[in-house]
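Structural overview
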Amino acid sequence: MTQKEKLNINAPDAIKADIDAINQIPMVATLLEVVCRTTGMGFAAIARVTEDKWVACSVRDEINFGLKPGGELQLETTICNEIRQSGVEVIIDHVAEDKAFCHHHTPAMYGFQSYISVPIFLKDGSFFGTLCAIDPKPAMLHTPQVTGMFRLFTELISMHLNTFDQLKTSQSDLKSEQQTSQLQEYYNKELTIANQKLSSANDKLQQAIETGNMGTWSINPATYEVTMSDFIKELFGFPLNEDISVERIVEAIDPDYRQTLTDILKNAIENHQSSDIEYPITNIITKERKWVRATGKLFYDQDGQLNEYSGMVMDITRRKADEDRQAMLAAIIESSEDAIISKTLDGNITSWNESAEKLFEHTQSEAVGKHISIIIPDDRLQEETLIIEKVRNNERVDHFETIRKTKSGKELHLSLTVSPIKNEQGKVIGASKIARDISKQKQFEDRLQNYAERLEILNTVGQTISADLDMQNILQKVTDATTQLTGAAFGAFFHNKVNELGESYMLYTLSGAPREAFEKFGMPRNTAVFAPTFNGDGIVRVDDITKDERYGKNSPHSGMPKGHLPVVSYLAVPVTSKTGDVIGGLFFGHSEPGRFVKDHEQLVAGVAAQAAVALDNAKLYGEIKALNAKKDEFIGLASHELKTPVTSISGYLQIIERGLPADDRNKAFINKALQQVNKLTTLISDLLDVSKIQTGKLPLLYSSFDLSELLTDVSEMMQQSHITHRIELHYGNEPINLNADHQRIEQVIINLITNAIKYAPGTDRIIITAGVVNKKIRVSVQDFGIGIDKDQQQRIFSRFYRVENLAAHMSGLGIGLYICHEIVSRHKGKMWVESEIGKGSTFFFEVPAN
Ligand code: ADP
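Read on for a plain summary of the structure. Nothing here was measured: the structure is a model prediction, and the numbers come from that model.

The next subject is the pairing of strand S12 (residues 339-344). Counted residue by residue, S12 has five buried out of six residues, so it is predominantly covered. Of the pairings in the sheet, the one linking S12 to strand S16 (residues 428-437) comprises six bridges and is antiparallel in character. Bridge pairing links isoleucine 340 to isoleucine 434 in S16. Summarising the sheet, S12 and strand S13 (residues 349-352) pair through three bridges and their orientation is antiparallel. Along S13, the bridge assignment pairs serine 342 with serine 351. Hairpin connection of S12 to S13: four residues between the antiparallel strands, including glycine 347 at a positive phi of 90°.

Looking now at helix H20 (residues 666-694). The end-to-end C-alpha separation of H20 is 42 Å, in line with the 42 Å expected for 29 residues at 1.5 Å each. For H20, the set of buried residues is Lys667, Ile670, Leu674, Val677, Ile684, Asp686, Leu687, Leu688, Asp689, Val690, Ser691 and Ile693. Here the buried face of H20 lies against helix H19 (598-659), helix H22 (742-758) and helix H23 (816-826). Note on H20: the residue one or two positions beyond its end, glycine 696, has a positive phi of about 70°.

Another point: a nonpolar patch on the surface. A cluster of nonpolar residues, Met328, Leu329 and Ile332, forms a patch on the protein surface that exposes about 320 Å² of accessible area. Structurally, leucine 329 is set in helix H11 (residues 317-335).

Tallying each qualifying case throughout the model produces 31 salt bridges. Here arginine 436 ties to aspartate 338 by a salt bridge, and the two come within 2.7 Å at their closest N and O atoms. Of this pair, arginine 436 sits in strand S16 while aspartate 338 sits in the loop between H11 and S12; the two residues are 98 residues apart in sequence, bridging distant segments of the chain. With relative accessibility at 47%, the residue arginine 436 sits in the partly exposed group. Across the salt bridge formed by glutamate 366 and lysine 407, the nearest N and O atoms sit 2.9 Å from each other. You can see glutamate 366 sitting in helix H13 (residues 364-367) and its partner lysine 407 sitting in the loop between strand S14 (397-405) and strand S15 (411-422), a full 41 residues away along the chain. Taken together, the shared-partner salt bridges in this structure form one network comprising Glu288, Lys290 and Asp315.

Now for the sheet that holds strand S5 (residues 114-121). The strands making up a sheet associate through backbone hydrogen bonding, with each pair oriented either parallel or antiparallel. Spatial ordering of the open sheet is given by S3-S2-S1-S6-S5-S4, a layout of six strands whose pairing is antiparallel. Of all the strands in the sheet, just strand S3 (72-73) and strand S4 (90-92) have a single pairing partner and so form its edges. Where helix H3 (residues 28-39) meets the sheet, its contacts fall on strand S1 (43-49), strand S2 (54-61) and strand S6 (127-135), and the angle it forms with S1 comes to roughly 125°.

Right, let's get into empty space enclosed by the protein. Under the criterion given, the structure shown has two cavities of 30 Å³ or more. Considered as a void within the structure, the largest cavity measures approximately 280 Å³ in volume. Along the wall of the largest cavity there are 19 residues; nearest its centre are Trp217, Ile219, Ile249, Leu261 and Tyr279. Contributing elements (two or more residues each) for the lining of the largest cavity: strand S7 (214-219), strand S8 (226-228), helix H8 (230-236), helix H9 (246-252), helix H10 (255-271), strand S9 (275-282) and strand S11 (306-315). A total of four residues in the lining of the largest cavity trace back to one element, the largest contributor, which is H10. In terms of residue class, the lining of the largest cavity is made up of 17 nonpolar, two polar and no charged. In this structure, the second largest cavity occupies an estimated 130 Å³ of space. Lining the second largest cavity are 14 residues, and of these Trp54, Leu73, Tyr115, Cys132 and Ile134 lie nearest its centre. Secondary structure elements with two or more residues in the lining of the second largest cavity: helix H5 (105-110) and S6. In terms of residues, the lining of the second largest cavity owes the most to one element, S6, which gives three residues. Of the residues in the lining of the second largest cavity, the class split is twelve nonpolar, two polar and no charged.

Next up on the list: unusual backbone geometry. Of all residues except glycine, most have a negative phi; of all peptide bonds, most are trans. The phi dihedral of tyrosine 224 falls on the positive side, at around 60°, and the residue is not glycine. Mapped onto the elements, tyrosine 224 comes out in the loop between S7 and S8. The class for tyrosine 224 is partly exposed, based on a relative accessible area of 32%. Even without a glycine there, the phi angle at glutamate 361 is positive, about 70°. Mapping glutamate 361 onto the fold places it in the loop between helix H12 (354-360) and H13. For glutamate 361, a relative accessible area of 33% translates into the label partly exposed.

Attention now moves to the site of the ligand. Around the ligand, a shell composed of 20 residues is seen, among which Asn755, Tyr759, Asp783, Arg802 and Leu817 lie nearest. In this structure, an oxygen atom belonging to the ligand sits 3.2 Å away from a side-chain N or O atom of lysine 758. With respect to the ligand, the backbone of glycine 814 contributes an N or O atom lying 3.1 Å from an oxygen atom. Bound to the protein, the ligand loses 97% of the 530 Å² it would expose on its own. Contributing elements (two or more residues each) for the shell around the ligand: H22, H23 and strand S28 (840-848). Of the residues contributing to the shell around the ligand, the split by class is eleven nonpolar, six polar and three charged.

In spatial order, the strands read S23-S25-S26-S28-S27; together these five strands make up an open sheet with mixed pairing. Looking at which strands have only one partner, the edges of the open sheet turn out to be strand S23 (726-730) and strand S27 (830-836). Taken pair by pair, the neighbouring strands of this sheet meet at an average axis angle of 15°, ignoring direction. Two strands pair when backbone bridges link them, and strand S26 (residues 776-782) and S28 are joined in this way by seven bridges, in the antiparallel orientation. Looking at the pairing, serine 780 lines up with phenylalanine 844 of S28. Running over the sheet, helix H21 (residues 707-721) touches S23, strand S25 (765-773) and S26 and is turned about 175° from S23. On the sheet, H22 packs against S23, S25, S26, S27 and S28 and is oriented at approximately 170° with respect to S28.

What counts, and where the lines are drawn
- The written sequence of each chain sets the order in which its residues are numbered from 1.
- Owing to the predicted nature of the model, reporting of local features is limited to residues with pLDDT of at least 70; listing and counting of side-chain atom pairs is limited to 80 or more, with chain, interface and lining totals taken over all residues.
- The side-chain numbers reported here are obtained from all heavy atoms of the structure, hydrogens and water having been left aside.
- Only protein chains enter the accessibility calculation, which uses a 1.4 Å probe. A residue is then buried if its area is under 20% of the maximum for its type, exposed if over 50%, and partly exposed in between.
- Think of it this way: any DSSP run of H or I at least four residues long counts as a helix, any run of E at least two long counts as a strand, and we number them from the N terminus.
- The rule for pairing is simple: two strands pair if DSSP sees at least two bridges between them.
- A helix's residues, less one, multiplied by 1.5 Å, set its expected span.
- The criterion used for residue contact is that any of the two residues' heavy atoms lie within 4.5 Å.
- For patches, a residue must show more than 30% relative accessible area and have no salt bridge; joins then use 9 Å for like charges and 5 Å for nonpolar side chains, namely Val, Leu, Ile, Met, Phe, Trp and Tyr.
- Only the protein chains shown count as cover for residues, and all accessible areas are computed by the Shrake-Rupley method using a 1.4 Å probe.
- When a carboxyl oxygen of Asp or Glu lies within 4 Å of a side-chain nitrogen of Lys or Arg, that pair is called a salt bridge.
- Orientation is described by lines fitted to C-alpha atoms, with helices fitted over the stretch in contact, and by angles between N-to-C directions that extend from 0 to 180 degrees.
- In the cavity and pocket records, a cavity denotes points on a 1 Å grid over the protein atoms alone where a 1.4 Å probe fits but cannot get out, a pocket denotes an open set with protein on both sides within 12 Å along at least 5 of 7 lines, and lining residues are residues with an atom within 4 Å of a point.
- Grid points are joined across faces, edges and corners, and a volume is the space filled by probe spheres set on the points.
- Only Asp, Glu, Lys and Arg are considered charged, only Ala, Val, Leu, Ile, Met, Phe, Trp, Tyr, Cys and Pro nonpolar, and every remaining residue, Gly among them, polar.
- A cutoff of 4 Å decides nearness: a residue is near a molecule or strand if any of its heavy atoms lies inside that distance of it.
- Contacts described as polar in this section are N or O atom pairs within 3.5 Å, which, within protein, must combine one atom able to donate a hydrogen with one able to accept it, while residues neighboring in sequence count only if both atoms come from side chains.

Put into structure tokens, the structure is as follows:
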């Protein structure tokens with residue numbers, strides 16, 4: 001049994017029930033009012049249409065059509081009957097202009113020009129009736145809003161009817177009260193949901209009407225009398241209660257458009273042309289500028305006489321502003337020097353500006369619709385996934401430097417900025433990408449980087465070679481650096497060196513090739529190619545040496561010997577010393593032609609100049625070293641030779657002294673002579689020590705002793721012979737056990753006390769302290785004498801160094817502290833001084849404790 005049969009449609013009671021059911025739908029009246037307000041039509045109804053009846057269930061009648069709920073129309077006179085049979089909605093904006101319906105009997109009979117009727121189907125598919133509306137005037141019904149609204153409403157009505165029907169059926173079918181109430185509860189819930197849907201749909205519609213920005217107007221072609229809805233009056237700023245003339249309307253329009261509008265009006269009325277025009281107006285009260293769209297249609301009476309020209313006015317200010325903005329945006333995008341591309345989240349290109357065409361070589365039509373990977377190098381495809389991931393999360397990718405490719409496969413360095421594109425709801429739907437070509441910038445940066453690197457190399461080379469005094473080291477560094485700077489496959493330094501026999505031969509260093517690669521060919525000779533370099537004639541740079549006229553002129557090889565490293569590009573720079581002698585030459589080779597440029601000549605020449613200075617220094621240093629060695633040799637020999645006679649003199653003097661009677665007046669002279677001889681002995685022994693240190697032959701004799709005892713003995717002995725100064729000694733009660741060379745440590749202490757007395761004339765105190773600090777034995781000797789300048793404090797420990805000026809008039813050789821320092825160092829200790837000019841000095845030494 002179908003629902004239709006269940007409802008028993010033909011029975012008068014059943015019709016009554018249907019009317020009741022419709023009127024039980026909440027807001028049915030509102031729904032009809034919305035229909036009238038939205039369409040501007042005067043009559044709307046929900047009709048039950050059966051096989052033999054058209055009954056109005058609910059009605060809104062603003063035009064005195066005369067139908068009330070329950071009122072019937074003769075079925076055959078209605079279009080609804082046809083809809084019942086076809087199941088298809090009928091919409092007529094303007095009957096007179098509608099080919100299918102201009103001769104239909106229904107409009108003629110009921111006198112309407114606009115008509116809309118949408119079928120209501122029940123859940124089981126059976127036809128219930130229609131939601132329809134009519135008006136004597138035409139209306140704009142063929143719009144998605146209107147048809148959408150009608151369809152939505154018919155669905156809602158159907159849903160309600162269905163709910164009622166089910167409720168009714170279950171009520172009669174089910175006996176159990178409990179079940180009924182459960183069901184009722186269920187249906188009530190359903191109803192509430194349905195009502196909520198209806199209510200929200202209604203709210204949306206109300207909003208649509210309010211924000212619809214539409215109004216209607218009509219002009220009587222005979223009198224040019226104008227009627228317009230309040231919306232239009234408000235839009236123009238006209239008083240609501242006044243009739244508005246055509247002239248007043250034209251006045252409100254932008255002067256540029258007035259003539260067009262007048263022409264359109266004339267054309268419509270005289271030539272029966274419908275119209276659709278957009279123009280700007282100025283609200284006469286607020287002076288606000290608005291854009292409107294006015295559509296106009298012509299309506300005719302039954303005799304075919306034009307009796308109305310009417311239509312709609314819409315406020316399109318926002319749309320226009322959007323359009324303007326868009327046009328501006330489009331212009332900006334098109335004129336931008338950067339490539340601007342948009343794409344979907346799947347990576348499909350949706351827009352492609354002119355600069356993108358130029359940059360990537362794909363035309364707009366080639367690119368749009370394609371995947372963005374057309375410009376991404378294969379090894380960077382992964383980047384796209386990462387970028388899109390970010391965009392999807394509504395993040396921007398700023399100044400991302402990467403590489404993209406052109407249609408012809410050329411790689412471009414680009415800086416990309418990618419931003420998400422969102423729809424009105426704020427959902428990310430795509431990405432816009434701005435790509436800036438930074439190839440030039442990159443090139444520039446690379447060049448800068450190159451220069452910086454070269455400078456860095458030059459600097460380091462300069463520094464390291466000037467600090468180096470070893471010739472072979474310098475040559476190696478210079479060869480390595482210049483090979484790197486020139487990009488040569490290999491580089492070599494051939495050094496002019498004169499051997500003992502006075503022959504000129506060459507030592508060399510190599511870079512980029514193993515030494516064996518050269519060794520088997522022997523040293524380069526003064527061939528036509530090499531001669532200009534060894535003669536110091538200047539730089540030789542040849543793109544292809546094998547084609548050079550100087551090449552291959554010398555036997556036996558006539559060119560490069562077999563198996564020689566392949567040299568095509570050739571660069572040779574002489575290295576000339578300050579005196580003008582050619583120290584040697586730097587030679588570079590590469591197997592490809594044209595690898596060396598002017599720039600390289602300057603670079604190598606720069607390094608060569610630095611190298612020449614360094615080599616001169618090294619040479620000088622070598623000479624000094626040799627002289628020094630000779631001097632040391634002499635000192636060693638001399639002191640050794642002096643030692644024996646001085647010891648003999650001292651011995652004989654002592655014998656004489658002992659043999660003389662106590663009152664002999666010569667005894668005093670002998671003692672004076674002995675003192676002088678002792679001084680001489682000390683001097684000679686110091687010189688011998690220096691010599692021993694130099695030759696590494698200063699032996700140490702280790703023994704364990706108490707340093708405090710040693711200090712006591714030494715200071716007492718010194719005190720006896722030096723009465724000018726009071727020697728104070730400070731140390732703890734505990735013995736200071738030391739394992740060291742007793743005699744040498746004593747020598748250090750004596751030396752420090754002697755200096756303290758010598759360089760502190762006019763003062764009377766010397767303080768000696770000893771103790772253990774951090775597991776080390778520390779001894780200090782402090783005086784209050786002339787002091788030592790900060791600059792000199794380090795140097796006084798070197799051989800033969802004496803402080804100028806202040807100490808110059810005090811005798812000495814400048815070797816005492818050197819020997820002390822050596823002795824302490826040999827004991828794995830250290831020695832230093834703290835001093836201030838005019839205030840005195842404190843000398844410290846530290847040796848490891850036992
Ligand atoms: P010499 O005393 O024979 O010149 P030294 O090696 O003992 O040689 O000392 C080196 C130099 O250090 C001295 O010439 C002197 O200028 C300086 N010097 C050493 N001890 C002191 C000191 N106690 N006060 C000031 N200057 C000193």
